[in-house]
Structures are given as structure tokens and as C-alpha cells.
Amino acid sequence: MLSAQIRQSFLNFFAGQDHRVVPSSSLIPHEDNSVLLTTAGMQQFKPYFMGLAEPPSPRATSVQKCFRTVDLEEVGDLSHLTFFEMLGNFSFGDYFKAEAIEMAWRYLTVELGIPAERLQPTIHPDDAESAELWPKTSAKTPYKLTDNFWAAGATGPCGPDSEIYFDWGPSVGCRRPGCYPSHCDRYLEVWNLVFMQYDRQPDGSLPPLAGAGVDTGMGVERLAAVMAEVEAPQGRSAPVSVYETDVLHALQEHFMTSGPSAWAAIGGTTLHPIPFTQLRVSRLLSDHTRGVSFLVADGVRPSNEGRGYVLRRMIRRASLQGRRALALENPLSTSAPLLVELMGDSYLELAERRDVIVATIEAEERLFYRTLEQGLAEFEAVGAQSHGRISGGDAFRLHDTFGFPVELTEELATEANLEVDRIGFESLMQEARERSRRSTKKAFIQRTGLHPTQFVGYDSLSAESVVTHLFDQSGAIEVAGEGRDVEVYLARSPFYAAGGGQVADLGHLEGPEGIVEIGDVQRTGDVYGHYGKVTSGYIGTGDVVRAEVDRRRRLATMRHHSATHLLHQSLRLALGSSVEQAGSFVGPANSTFDFTFDRPLTEDERDRVFRSVNGAVLQDLPQVSRVMSIDDARRSGAMMLFGEKYGDVVRVVSFGDFSSELCGGTHVARTGEVGLVTLSSETSVGAGVRRIEFLAGEPALLRDSALVKAALRIAETLKADPMVIDARVEQLYSTSRILAQELADIKKRQVLESMSQQERIGALACRVVETTDLDTVRDAAARALEQEPDASAAIAFGRGADDTAVAVVKVRRGSGLDARRIFERAADGRGGKGGGSELMAQGGGFEKTAIADAFIDAAAALSPSA
């Protein structure tokens with residue numbers, strides 16, 4: 001099957017199941033800042049899953065264009081892509097697991113004809129409902145995988161999923177008898193059925209969604225590869241690659257035949273051989289052609305930030321590899337027209353913006369080629385003198401001077417068996433950003449004659465000072481009246497300016513004629529800008545004011561900042577000295593601490609860390625701050641942030657003999673003032689970086705108090721010891737699930753036992769049940785065939801409390817009847833919608849007063865003996 005045929009087949013099938021066909025959304029997410037690009041078919045439906053908007057239909061289906069950079073390094077292997085098309089069907093509180101599983105299995109095995117023995121469903125180990133449903137639907141026992149849990153992002157809709165794998169056969173992959181899905185290349189994940197049950201919160205909790213829903217995703221490219229094997233099995237020793245499917249194969253052929261057949265290099269570089277095969281590079285170029293063309297079509301343009309950086313990086317990566325491995329000039333801009341020809345009928349934006357796509361890519365390719373040869377020569381020179389490691393400074397120079405994305409430098413370094421100091425590079429990049437930001441501000445300070453501010457906030461939360469300069473949006477002013485937003489500069493200030501992860505102080509300035517409420521404080525060098533609003537009277541330059549910091553907020557912030565130091569040291573004690581701080585946020589209500597670590601902490605590790613933190617609090621250790629030279633600080637053993645730029649003179653903050661760090665923030669006098677430190681969550685924020693969110697002082701006490709009260713209430717309700725209520729609740733939850741299923745089974749059995757028999761037309765058995773649950777109606781049809789062995793077909797009607805009805809037609813193999821034709825004939829002109837296969841068809845939307853006669857007449861008319 002061609003990709004276009006697969007798209008249409010999928011949409012037709014689910015349209016026949018009452019799903020509204022929804023067009024693909026843009027690769028630029030609409031009103032969703034949680035992701036840079038559209039990465040999943042469900043993204044445009046997030047408001048519906050979260051209950052923030054009313055869906056236009058309870059069911060939807062789409063073919064969504066998606067873009068993911070997480071697998072960029074794997075592009076060119078058997079199955080990984082950046083741009084791909086995602087087939088999906090969605091339920092917004094309508095059907096759930098039973099219907100989703102049944103429709104998926106029916107589409108794959110009946111509609112597409114994929115042999116059931118070559119498909120293997122998998123489930124999450126805790127998803128008992130799916131574990132029961134799969135054997136009923138497929139006669140297969142699902143394999144349990146702990147990774148079967150899907151989330152739209154760090155927060156938002158999520159739930160267990162059920163993945164369906166295609167088995168390429170025992171001659172593929174590891175060839176071990178015990179091979180299982182996700183173990184090796186033998187099994188390819190084809191379809192993921194996500195059961196949206198929860199709404200993940202920032203604290204990691206999982207409250208249920210207002211309405212459980214279904215979100216499924218199946219890649220067009222992977223399905224096309226599977227269909228190639230199903231339609232023409234060849235007993236392969238390797239799976240069909242997605243690059244052997246129609247669109248990507250055509251692009252790949254274009255690249256393989258466009259340039260010289262021999263390997264090529266640029267500028268006589270001889271540092272290392274090129275390990276990429278021409279095949280791998282042609283695949284990479286095929287993928288990148290699609291990816292960058294669709295990005296440009298959706299409005300992305302090359303830049304050094306965000307989506308534009310993704311686009312620029314891919315164009316430059318493809319330009320380099322295409323030229324080195326295949327001697328191709330402008331590989332992507334010359335292949336983009338072919339891509340438009342191949343996919344422009346399905347995605348009209350490609351055809352409409354063809355010229356813009358080609359021109360944008362070509363301009364970026366030319367820009368890169370201007371510095372490429374010089375840059376490669378510079379890389380060779382750097383690599384020859386690197387002693388196995390390219391410094392952050394050299395990587396930054398390649399980026400800043402020659403336009404080499406650091407990822408490109410890393411690729412070249414990997415080929416040459418070199419490492420790149422990525423942390424050092426990022427530090428220099430941050431410095432460059434800060435310089436750019438400060439240069440404008442410094443010029444402003446120099447132009448206006450601002451002087452350094454004397455910070456007195458370590459020792460006092462109030463101070464008398466003089467307003468040296470005053471500004472509003474128009475520039476320097478002498479006086480500002482009530483309601484005016486102002487920027488105030490003081491000779492001396494107790495306000496801490498945001499920095500080092502700690503938030504700025506809030507408070508007010510009280511002058512002889514007015515008050516200014518301060519909402520932010522920013523620092524440029526040693527100059528502090530106080531941003532606020534005149535709330536009464538007026539303020540002017542030269543006024544003597546009383547600067548007052550919000551005491552309660554500052555003390556709460558200090559508790560959190562001191563707790564951050566104790567946490568840093570406790571992590572190193574528990575996990576090893578390789579743990580380093582990678583960022584922090586220190587506020588009055590909560591704090592976060594990022595640190596380098598390659599896995600989640602175990603429960604025991606978390607306990608040890610927070611016992612250590614609170615142990616240091618209980619010791620009531622004194623805080624000592626000392627200003628010293630950077631060399632003396634190093635000799636003292638004080639912790640320094642890797643990659644941070646320090647001056648010649650630094651401030652070292654110590655808590656007894658427990659911890660010592662370079663820090664310019666504000667802290668409690670003794671650790672006992674912190675009170676209590678509790679963990680809120682521990683999550684991943686990137687490769688090799690974890691984040692702990694914690695509470696200190698009053699917020700920690702309030703949270704723990706609320707948790708204790710909740711536990712006591714639950715214990716009282718359960719008549720159980722508070723210390724074992726978790727086990728009791730788990731037992732009750734398990735029991736309730738079992739009882740709920742048993743009750744559902746009883747109700748279903750009662751409905752089936754009470755079903756009435758209608759007239760018999762030849763070999764046709766008819767039944768009526770008082771429910772519109774399709775699962776029950778299907779069972780009724782199956783039972784009718786069991787009860788009447790000589791019947792060739794059965795029709796079961798389900799009637800609701802209102803005037804609606806559903807129907808299921810089931811026929812025996814070899815009977816000469818076609819269930820789908822019977823259903824379509826009965827539904828014609830009667831409002832019914834649905835579909836199915838030769839052996840079974842189903843649907844709803846009928847008026848129950850006429851449904852029986854309609855189906856009986858249809859079956860009689862289509863009977864072979866008619």
C-alpha cells in the first residue's frame with residue numbers, strides 16, 4: 001500500500017465508526033507553550049482531554065504531521081525519523097478501552113489483513129482492565145511492559161497505554177527463543193493506544209481527568225513498511241526500513257543518483273575517514289528534506305533560537321553530510337521540489353508555498369557554504385591539537401565565527417573519536433547572552449550617569465537612602481505622581497536583586513510625599529534598579545526615602561536558600577561527589593534544585609538525602625559569610641558551580657562544618673531557623689539532569705500538617721492504624737475494581753439473559769436487548785449463533801431509554817452472507833451509521849421503532865436463496 005492509500009484507508013475506517021475527520025494542525029503548536037513543535041497527533045486535542053473546551057464531536061480521527069528532534073542522532077537507521085505522519089483516533093469521554101482495542105484489532109487484521117499471529121499487544125503491568133480485554137478481542141495474552149505509560153508533557157493528560165507490535169519473525173534481531181516486544185529489532189511498535197485517565201500536576205500527582213478518553217497513534221511510515229512485508233513476504237533477515245516506503249524511497253533514489261558514486265571530501269581534509277555510508281546519508285537527506293520543507297511551509301525560518309535553530313541545524317547538518325559523503329551541492333533545496341510533487345496533493349501548504357520553501361532552504365545552504373570549508377579546516381586544526389577533547393572555547397569559536405552548531409561539532413568530533421566540552425560551551429554561550437543583554441543596559445547606565453548602589457541587605461531589611469535617579473517609560477524624570485510606573489535608583493538599598501537563582505525582594509519606598517510599591521529589583525553590575533508603582537502622593541529625585549523590604553517574604557526566601565545549600569551537600573554525601581548543581585530557583589513559597597545525575601533517585605536515596613538535610617537543620621549550625629580571594633576560596637574547599645564565571649573576590653557562605661559554597665544570596669543566621677524541609681517532587685529536566693522541588697519553613701509545615709490531617713481522616717474512616725493506611729487503601733482499591741467488574745459482568749449477563757427472540761427468516765436469528773452498549777450487543781449476536789447452530793447469521797438490536805438503537809450483524813463463514821452489505825442496506829435512508837467487515841458489522845443512530853424490520857428485510861433480500 002502507498003502512503004496515500006494508508007491515510008485514506010484509516011480515515012475511511014474510523015469515519016465509518018462515527019469519528020469526525022479533523023485536518024492536520026500546524027507544526028507550530030497553537031496556544032501551547034509546553035512543546036516547541038507539534039510532536040503528537042493528540043496535541044491539537046489537549047483542551048478537549050483536559051476539559052478546557054467542548055469538542056465539536058465526541059469522536060475524532062486525523063492524520064497529523066509531527067516533528068521530533070529527540071531521535072535526531074538515530075535518523076537513517078531502520079525506523080527513526082524527525083518528520084512523520086501520525087494516524088490517530090480519539091475519544092473525548094465517549095468510548096474507552098474496550099472499543100479502542102476492538103477497533104484497532106479489527107482495522108489491522110480485517111481491514112488491512114495483517115495476520116493476527118504476527119501482531120503482539122502489550123500493556124502496562126498495572127492495567128488490569130486491558131489485560132482482560134485483549135484475550136477476548138484477539139485471543140492473545142498481552143505482554144506487560146513497564147514503559148507503557150504515555151504523557152503529553154511534564155504536566156497534563158496522561159495514562160497507561162497499550163502498544164501493538166509487529167513481529168518480523170525469528171530470523172530477525174537477536175534470534176533468541178525468549179525474544180519479546182521492545183527487546184530488539186524483531187518487534188516493531190506499530191500502534192500505541194493511550195488511555196487518557198489522569199491529569200498530571202506539577203507536583204507529580206495524578207488526579208483523574210473529568211472524562212476518560214482515548215488517544216491513539218500509528219506512524220504512516222512504519223505501517224507502510226509492515227504492509228510491504230505483509231503484501232510480499234520475502235523471509236527477510238532484517239525488517240523493512242521506513243526508508244523503503246514510497247515517499248522516502250523516491251527521495252533516497254534521487255540522492256543516490258544525483259551525485260558522483262565515489263566518496264568525496266572537502267578541501268583535502270584528512271583528519272579522519274567518514275564512517276557514514278552513502279546509504280545512511282541518503283536516508284538522512286530524505287528525512288531532512290521532508291522535515292525542513294514542512295517546517296518552512298508552516299512558517300518557520302532559520303534563526304539561532306527555538307524552532308528556527310532546529311531548522312538551521314538540520315539544513316546545515318544535511319549540507320555537510322551530503323557534500324562530504326555524496327558530493328552534493330545544495331542537497332535539500334534541489335530535492336524539495338520532488339517532495340512537493342510527492343506529497344503536495346495531501347498537504348496543500350507544500351504546493352502553495354513551493355517557491356518559498358526552495359528559496360528559504362537554498363539561502364541557508366549558501367550562507368553555510370560560505371564558511372564551511374574554512375570552518376572544516378579550523379575544526380581539523382583544533383582536532384589535531386585537542387589531545388582527545390575539544391574545549392568549550394574552541395567549540396564556541398566554531399559556533400560564533402564559523403556558524404557551526406555545537407551539535408555539528410559534536411558529530412564531527414564523534415567521527416574523529418574526540419570529546420567536546422559541552423558544559424564549557426554552554427557556559428560561554430550564556431556569558432555571550434548576558435553580555436548582549438548587559439551591553440544595552442550598561443550603555444544606558446553610562447549615558448545617564450548612574451552610580452553603584454551600596455547593598456546593605458545582608459544585615460538589614462530597611463535603610464534610609466536617597467533617590468539618585470528616576471525614570472519612567474519616556475526616560476529620565478524629576479517627579480512621578482500617583483499611579484505611575486517608575487524605575488528608581490538609590491544610593492544604598494536593602495533590596496536583594498534577582499540573581500543566583502534567588503528571586504528579588506519586594507517591599508516599598510516611603511518618602512516625604514509619597515509611597516512606591518516595589519515589584520522587582522534588577523541588577524546591572526553594581527547598579528540596582530527598583531521597579532514599582534507610585535501608590536500614593538509622589539516621589540522625586542533627591543528625596544530621602546525609607547526603603548523597607550517585605551520582611552516575611554525575605555525570611556521565607558532565606559530559609560529556602562539556606563535549605564538549597566544543605567540539600568546540595570546532602571546529595572553529594574548520599575550519591576557521590578560527582579553530583580553537581582545545574583541550576584536552581586529560590587523563592588519564598590518553594591524552591592527547585594537541578595543536579596547532574598543519570599537516573600531517578602530510589603525511595604531509600606530520597607529518604608537519606610532529606611534525613612541529612614533535616615539533620616543539619618536540627619544541629620542549628622551557625623552561618624558564616626566571608627569575603628576572600630578566589631584562590632583562598634579554592635584552597636578552603638568551598639563548592640563552586642562548574643562553568644560559572646567568578647571574579648577575583650568572592651563571598652563564601654558556610655554552615656558549620658557541613659557545607660561551604662560560593663554564594664551572593666541571603667541566608668538565615670543558623671540552620672535551625674529553616675524549621676523543616678520536605679520533598680515535593682523529583683523529576684527529569686533533561687539528559688543527565690534531575691530536579692528536586694522542595695518546601696522549607698512554613699510552607700513545609702503547612703503541607704505536612706495537611707497530609708497528616710488527610711491521613712488521620714482516612715484512617716478514621718477505615719478504622720485502621722494511620723501507619724498502615726497505604727496498604728489498606730491499596731487493598732480497598734483493588735477490591736473495588738474487582739467488584740466493579742463483577743457488577744458490570746452481572747448487569748451484562750442479566751441483559752443477555754433477558755434478551756427476546758424476534759421472528760426467524762430462513763437461517764437468520766434475531767435478538768433484542770435493552771441496552772445500547774455495543775460490547776453487550778455483540779455478545780448477544782454471538783450468543784444467538786451459539787443458541788441456534790443451524791443459523792447462518794444473527795442480528796442483535798440494542799434499544800436505549802430514548803428513541804435510539806444500535807445494531808450488530810454477525811454471520812458465519814461460508815454462509816454466503818455479507819454482514820457489511822446487510823448493515824449498509826438497512827442503514828440506507830434510516831440515519832444509521834457504522835461499518836465493518838464481511839463477518840461482522842455494527843453501528844448506531846437508528847430509530848428503534850423501525851430497526852428490526854429494516855435489518856430483517858435487508859438480510860432476506862441479500863440471502864443467497866432470495
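Residues numbered from 1 in each chain as written. Predicted model: local features only at pLDDT ≥ 70, side-chain atom pairs only at ≥ 80, totals over all residues. Heavy atoms only, no water.

1. Focus: the overall build of the protein
So, step 1. When helices and strands are tallied, the protein shows 22 helices and 34 strands.
So, step 2. Here the contacts in the protein between residues at least 6 apart in sequence split such that 67% fall between residues at least 24 apart.
So, step 3. Carbon and sulfur atoms make up 50% of the accessible area of the protein, which amounts to about 39400 Å² in all. (Helix = DSSP H or I, 4+ residues; strand = E, 2+ residues; numbered from the N terminus. Contact = heavy atoms within 4.5 Å. Areas by Shrake-Rupley, 256 points an atom, 1.4 Å probe, with all protein chains shown as cover.)

2. Here's the deal with the pattern of salt bridges
Side-chain pairs of opposite charge can arise whenever the charged atoms involved come near each other.
So, step 1. A complete count under the given rule lists 36 salt bridges for this structure.
So, step 2. The residue Arg-186 makes a salt bridge to Asp-167 at a minimum N-O spacing of 2.8 Å. Placement of the pair is Arg-186 in the loop between strand S7 (156-167) and strand S8 (187-200) and Asp-167 in strand S7, with a sequence separation of 19 residues.
So, step 3. The partner of Lys-533 in a salt bridge is Asp-485, with the nearest N and O atoms 3.0 Å apart. Pair noted here: Lys-533 is in strand S20 (residues 527-540) and Asp-485 is in strand S16 (residues 485-490), with a separation of 48 residues, a long-range link. (Salt bridge = Lys/Arg side-chain N within 4 Å of Asp/Glu carboxyl O.)

3. Observations concerning the packing of aromatic side chains
So, step 1. Applying the stated criterion across every chain, the model contains 26 aromatic pairs.
So, step 2. Each ring, one from Phe-13 and one from Tyr-107, has its centre 5.2 Å from the other, and the planes form 55°; the classification is tilted. Here Tyr-107 lies in helix H3 (residues 97-111) and Phe-13 lies in helix H1 (residues 3-15), a separation of 94 residues in the sequence.
So, step 3. Judged by its relative accessible area of 0%, Tyr-107 is buried.
So, step 4. Cluster of aromatic residues (ring-pair linked, three or more members): Phe-10, Phe-13, Phe-14, Tyr-107 and Trp-191.
So, step 5. The lysine or arginine in question, Arg-323, covers the ring of Tyr-369, its NZ or CZ lying 4.8 Å from the ring centre. (Phe/Tyr/Trp six-rings, centres within 6.5 Å; stacked < 30°, edge-to-face > 60°. Buried < 20%, exposed > 50% of the residue type's maximum accessible area, 1.4 Å probe, protein only. Lys NZ or Arg CZ within 6 Å of the ring centre and 35° of its normal.)

4. Focus: the sheet that holds strand S25 (residues 649-655)
So, step 1. A sheet is described by the order of its strands in space; here 3 strands give the open sequence S24-S25-S26, paired in antiparallel fashion. Because the sheet does not close on itself, it has two edges, and the strands there are strand S24 (623-629) and strand S26 (659-662). The average angle at which neighbouring strand axes cross in this sheet is 25°, direction not considered.
So, step 2. The sheet contact formed by S25 and S26 spans 4 bridges and is antiparallel. If you follow Val-652 over to S26, its bridge partner there is Leu-662.
So, step 3. Running over the sheet, helix H15 (residues 551-575) touches S25 and S26 and is turned about 115° from S26. (Pairing = 2+ DSSP bridges. Axes fitted to C-alpha atoms, helices over the stretch in contact; angles between N-to-C directions.)

5. Focus on the nonpolar core
So, step 1. Counting residues in each nonpolar core, the largest one holds 74 residues, and the members touching the most others are Leu-108, Trp-191 and Leu-223.
So, step 2. Ranked by the residues each element gives to this core, the list is headed by helix H7 (residues 278-297), at 8 residues.
So, step 3. Discounting residues that sit within four places of it in the chain, Leu-223 has contacts with Ile-6, Leu-87, Tyr-107, Leu-108, Leu-112, Ile-114, Val-190 and Met-218.
So, step 4. Phe-593, Phe-597, Phe-655 and Cys-663 belong to the second-largest nonpolar core, a separate cluster that totals 28 residues. (Core = buried A, V, L, I, M, F, W, Y, C linked by side-chain atoms within 4.5 Å.)

6. Examining the side chain of Ser-57
So, step 1. Mapping Ser-57 onto the fold places it in the loop between helix H2 (46-49) and strand S2 (59-67).
So, step 2. One polar contact links the side chain of Ser-57 to the main-chain carbonyl oxygen of Arg-59, over a distance of 2.9 Å.
So, step 3. Leaving out residues up to four positions away in the same chain, Ser-57 has contacts with Arg-20 and Phe-92. (Polar contact = N/O pair within 3.5 Å; in protein donor to acceptor, adjacent residues only side chain to side chain.)

7. A look at the packing of H7 against helix H11 (residues 354-384)
So, step 1. Across the interface, H7 lies against H11 with an axial gap of 9 Å and an inter-helix angle of 115°. Of the two elements, H7 crosses H11, and the hand of that crossing is right-handed. Contact residues: H7 offers Val-292, Ser-293, Val-296 and Ala-297, while H11 offers Val-356, Ile-357, Thr-360 and Ile-361.
So, step 2. For the contact of H7 with H11, a count of residues per class yields 6 nonpolar, 2 polar and no charged. (Left-handed = near helix turned anticlockwise from the far one by under 90°. Nonpolar A, V, L, I, M, F, W, Y, C, P; charged D, E, K, R; others polar.)

8. Details of the environment of Glu-548
So, step 1. Considering the arrangement of structural elements, one finds Glu-548 in strand S21 (residues 544-549).
So, step 2. Residue class for Glu-548 comes out partly exposed when judged on its relative accessible area of 26%.
So, step 3. Once the C-alpha coordinates of Glu-548 and Ala-463 are considered, the two residues, 85 residues apart in sequence, prove to be 6.9 Å apart.

9. A few points about the environment of Ala-780
So, step 1. One can find Ala-780 in helix H20 (residues 774-787).
So, step 2. Here the alpha-carbon distance between Ala-780 and Ala-794, two residues 14 residues apart in the chain, equals 8.9 Å.

10. Description of the pairing of strand S18 (residues 507-510)
So, step 1. Judged by which residues are buried, S18 turns out to be one-sided: Gly-507 and Leu-509 face inward and are buried, whereas His-508 and Glu-510, on the alternate face, are not.
So, step 2. Bridge count between S18 and strand S19 (residues 514-524): 4 bridges; the pairing is antiparallel. Paired with Glu-510 across the strands is Ile-515, a residue of S19.
So, step 3. Counted between consecutive antiparallel strands, the loop separating S18 from S19 contains 3 residues.

11. Looking at the state of the cysteines
So, step 1. Enumeration according to the criterion identifies 0 disulfides in this entry.
So, step 2. For the unlinked cysteine Cys-174, the closest cysteine sulfur is that of Cys-184, found at 3.7 Å.
So, step 3. You can call Cys-174 partly exposed: its relative accessible area is 27%. (Disulfide = S-S within 2.5 Å.)

12. Some details on the side chain of Asp-505
So, step 1. Turning to its location among the elements, Asp-505 is positioned in the loop between strand S17 (492-493) and S18.
So, step 2. Here Tyr-496 takes part through its backbone nitrogen, which lies 2.7 Å from a polar atom of the side chain of Asp-505.
So, step 3. A polar contact is formed between the side chain of Asp-505 and the side chain of Arg-554, at a distance of 2.8 Å.
So, step 4. If near-sequence neighbours (up to four positions away) are discounted, Asp-505 is found in contact with Pro-494, Phe-495, Tyr-496, Val-521, Val-549, Arg-553 and Arg-554.

13. Examining helix H4 (residues 128-138)
So, step 1. Regarding H4, the residues found buried are Ser-130, Leu-133, Trp-134 and Ser-138. Taken end-on, H4 shows its buried residues confined to a sector of 105°, consistent with a single buried face.
So, step 2. The inward-facing, buried residues of H4 abut H3, strand S4 (119-123), S7 and S8.
So, step 3. After H4 finishes, the residue Ala-139 shows a positive phi value of roughly 60°. (Arc of directions from axis to C-beta.)

14. Comments concerning unusual backbone geometry
So, step 1. Phi is positive for Ser-182, which is not a glycine, with a value near 75°.
So, step 2. Positionally, Ser-182 belongs in the loop between S7 and S8.
So, step 3. For Ser-182, a relative accessible area of 44% translates into the label partly exposed.
So, step 4. In this structure, Asn-417 is a non-glycine residue whose phi angle is positive, near 60°.

Purely spatial values, then, with no claim about function.
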